[in-house]
Amino acid sequence: MKAFFSLLICGMAFSAQSQDNFTPVFEKISNEVQANSNAYGNLKFATESIGHRLTGSANGAKAEEYAFNLLKSYGYDVKYQPFEVESWSRLTNETKIGDAENEMRKISSVTLAHSPVKAVVVGEMVDLGNGLEEDYQKDAGKVKGKIALVYLGVLPGSPANTPSLHRSEKAAIATKYGASGIIIINGVKGGVLLTGTASVTGKLIPIPAVCIGLENGMRLKEALKTKKQFASLNMTNFSGMIKARNVIATIKGKTHPEEKIVVGGHLDSWDLATGAIDNGIGSFAIMDMARTFKKLNLSTDRTLEFILFMGEEQGLLGSKAYVDAAKKENTLNQLRFMLNYDMTNDPKGFSTSRKEMKTLFTDWGGQISKLDTGFKNVFYSGAGLHSDHQPFLLQGVPTGGGAGGKLPNNSGPYYHSDGDVFKLVDEQGLKNTVRYSAMLAYALANTPTIPVVKQTEEALKVFLQDNELEVPLRIAGEWRW
């Protein structure tokens, strides 16, 4: 009888949750953003006047101040969350390749983050295919003291379901098997060079790591089938303590101020370009969401925090600092949901780490699709790593964001590269990110009951295993079970 009564109460709550009618507010949000969004213009101005937004650099500090002042102009009580961490930036780099150590020519390359402060490595190259553990185990020891050549992503023609590890995980495996360096082949045509971190920990790695273009890389793979190839990796980099600041604007909840909905994304970018796509379209959408709430004077039952994280590119530094502060202050249980916007564009639905949110998310999505048929009410549940949701996810906090969107103007291949510039941004796609994401944030902050809570350690362990995240977390040294 007790079990039946509990099921009855749960059923009543479930039914009540599906009755949220946010359509009038959703319509106001949609109209306001369509008519008055500042996101596109603000991003254009920032890319032109600031340039890149590398954490710890003068440009990074300018970006922090820009976000702070912009949010303040919208009427927010804005605060900085300073943090001090070891960070990395590139100085010099030269990569040479040839048939012999004394017959090498320079090729275009870019240093991958967290490579050593100084490295001069010359050695024979070994083709390790996709750079997975099994690629090294086929001939154990063949790479020791040599330079690994690895494809970024999954090589065309690989067996179905071949895992696609992050570049940092591939560098960790190369290090484990004794490689003296690693060269990663970008998968994008046209010689596009991609940067990013080669460290799973955000700390320096012991071997130099560089990225080369697709055409050069595939020529090397072909040459290695018939003859030896040698490489020289010569680089200097900076690594040291830097100061950075997350920027936080808050709407205090009226009914449950102790419960927080975090709407976050990273403001920082790499230094090769202006980071218009990664992550200008995400972070500037968040600032326009905040503007929209103030313009419409929207109140929330739960506290809503709009956060611009710094240091994502160099190892999720800002989001880790935020979560670490919450742990020290014993406020982790206040975090009811984290929405992350990293390269989000024109979403067609909602995603979440928790499948239990399907009824609410699709109910709200149904209300949106009646206002705008371009919103397809797509729903996705699952979990991944390598963005600012990760520190929250690993504490059991439910996460989510947009789903089903596509990056504009074939911009995907240019992320982390010198091609990530403002002309790739689509104004309506950016507006749609603001509109739908502001609606989702409003709904989460005002629905009577959120049917998921922070996971227990045991539930989190099973959840991560079910989402096939144990292996990459073990590689990163973040598997605590």
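The structure we're discussing is the one just above.
The structure contained in this document is the topic of the report that follows. (Residues numbered from 1 in each chain as written. Predicted model: local features only at pLDDT ≥ 70, side-chain atom pairs only at ≥ 80, totals over all residues. Heavy atoms only, no water.)

### Some details on the pairing of strand β2 (residues 104-107)
Then, in step 1: Inspection of the sheet shows strand β1 (residues 78-98) paired to β2 by four bridges, in the antiparallel sense. The partner of T95 across the bridge, within β2, is I107.
Then, in step 2: Counted along the chain from β1 to the antiparallel partner β2, the turn is five residues long. (Pairing = 2+ DSSP bridges. Helix = DSSP H or I, 4+ residues; strand = E, 2+ residues; numbered from the N terminus.)

### Notes on the packing of helix α2 (residues 23-36) against helix α10 (residues 358-371)
Then, in step 1: At a closest axis distance of 10 Å, the pairing of α2 and α10 adopts a crossing angle of 50°. Judged by the inter-axis angle, α2 sits oblique to α10. Considering how the two elements wind past one another, α2 and α10 form a crossing that is right-handed. On α10, the residues that touch T23, F26 and E27 of α2 are W364, Q367, I368 and L371.
Then, in step 2: Taken together, the residues of the contact of α2 with α10 sort by class into four nonpolar, two polar and one charged. (Axes fitted to C-alpha atoms, helices over the stretch in contact; angles between N-to-C directions. Parallel < 35°, antiparallel > 145°, perpendicular 65-115°, else oblique. Left-handed = near helix turned anticlockwise from the far one by under 90°. Contact = heavy atoms within 4.5 Å. Nonpolar A, V, L, I, M, F, W, Y, C, P; charged D, E, K, R; others polar.)

### Thoughts on helix α3 (residues 39-49)
Then, in step 1: For α3, every residue scored as buried is listed here: A39, N42, L43, A46 and T47. The buried residues of α3 all sit within an arc of 130° when viewed along its axis, so they share a single face.
Then, in step 2: G51 sits one or two residues past α3 and shows a positive phi near 90°. (Buried < 20%, exposed > 50% of the residue type's maximum accessible area, 1.4 Å probe, protein only. Arc of directions from axis to C-beta.)

### Section: the packing of α3 against helix α8 (residues 276-295)
Then, in step 1: Contact geometry of α3 with α8 gives a least axis separation of 9 Å together with a crossing angle of 130°. Relative to α8, the element α3 lies oblique. In this structure, the crossing between α3 and α8 has a hand that is right-handed. On α8, the residues that touch A39, N42, L43, A46 and T47 of α3 are A276, G280, I281, F284 and D288.

### Overview of the pattern of salt bridges
Then, in step 1: Inspection of every chain in the model, using the stated rule, returns 22 salt bridges.
Then, in step 2: The shortest N-O distance in the salt bridge between D288 and R291 comes to 2.8 Å. Remark: R291 and D288 occur in helix α8; sequence separation between them is three residues, near one turn of the helix. Side by side, D288 and R291 carry an identical accessibility label, which is buried.
Then, in step 3: Among the ionic pairs, R474 bridges to E470, the shortest N-O distance being 2.8 Å. Note that R474 and E470 are positioned in helix α14 (residues 470-475) at a spacing of four residues, about one turn of the helix.
Then, in step 4: Residue classification places R474 among the partly exposed residues on the basis of a relative accessible area of 48%.
Then, in step 5: By sharing partners, the salt bridges in this structure join E32, D288, R291 and K295 into a single network. (Salt bridge = Lys/Arg side-chain N within 4 Å of Asp/Glu carboxyl O.)

### Side note on helix α4 (residues 58-73)
Then, in step 1: With 16 residues, α4 extends 22 Å from end C-alpha to end C-alpha; this agrees with the ideal 22 Å at 1.5 Å per step.
Then, in step 2: The set of residues buried in α4 consists of N59, G60, A63, E64, Y66, A67, F68, L70 and L71.
Then, in step 3: For α4, the secondary structure elements touched by its buried residues are α3, β1, β8 (230-251), α8 and β10 (302-309).
Then, in step 4: A positive backbone phi angle near 105° is found at G75, which sits one or two residues after α4. (Expected span 1.5 Å × (residues − 1).)

### Notes on the packing of aromatic side chains
Then, in step 1: Per the counting criterion, the structure on display carries 21 aromatic pairs.
Then, in step 2: With 5.1 Å between their ring centres and 25° between their planes, Y136 and Y177 make a pair best called stacked. In this pair, Y136 is assigned in helix α5 (residues 133-137) and Y177 in the loop between α6 (167-176) and β6 (181-185), connecting sequence segments 41 residues apart.
Then, in step 3: The exposure class of Y136 is buried, given its relative accessible area of 2%.
Then, in step 4: On the numbers, 6.2 Å between centres and 80° between planes, the contact of F309 with Y322 is edge-to-face. Taken together, the positions of F309 in strand β10 and Y322 in helix α9 (residues 317-328) put the pair 13 residues apart, joining distant regions of the chain.
Then, in step 5: Given a relative accessible area of 5%, Y322 falls into the buried group.
Then, in step 6: Across from the ring centre of Y80, 4.1 Å away, lies the NZ or CZ of R245, which sits over that ring.
Then, in step 7: In this structure, K294 is placed above the aromatic ring of Y76, and the distance from its NZ or CZ to the ring centre is 4.9 Å. (Phe/Tyr/Trp six-rings, centres within 6.5 Å; stacked < 30°, edge-to-face > 60°. Lys NZ or Arg CZ within 6 Å of the ring centre and 35° of its normal.)

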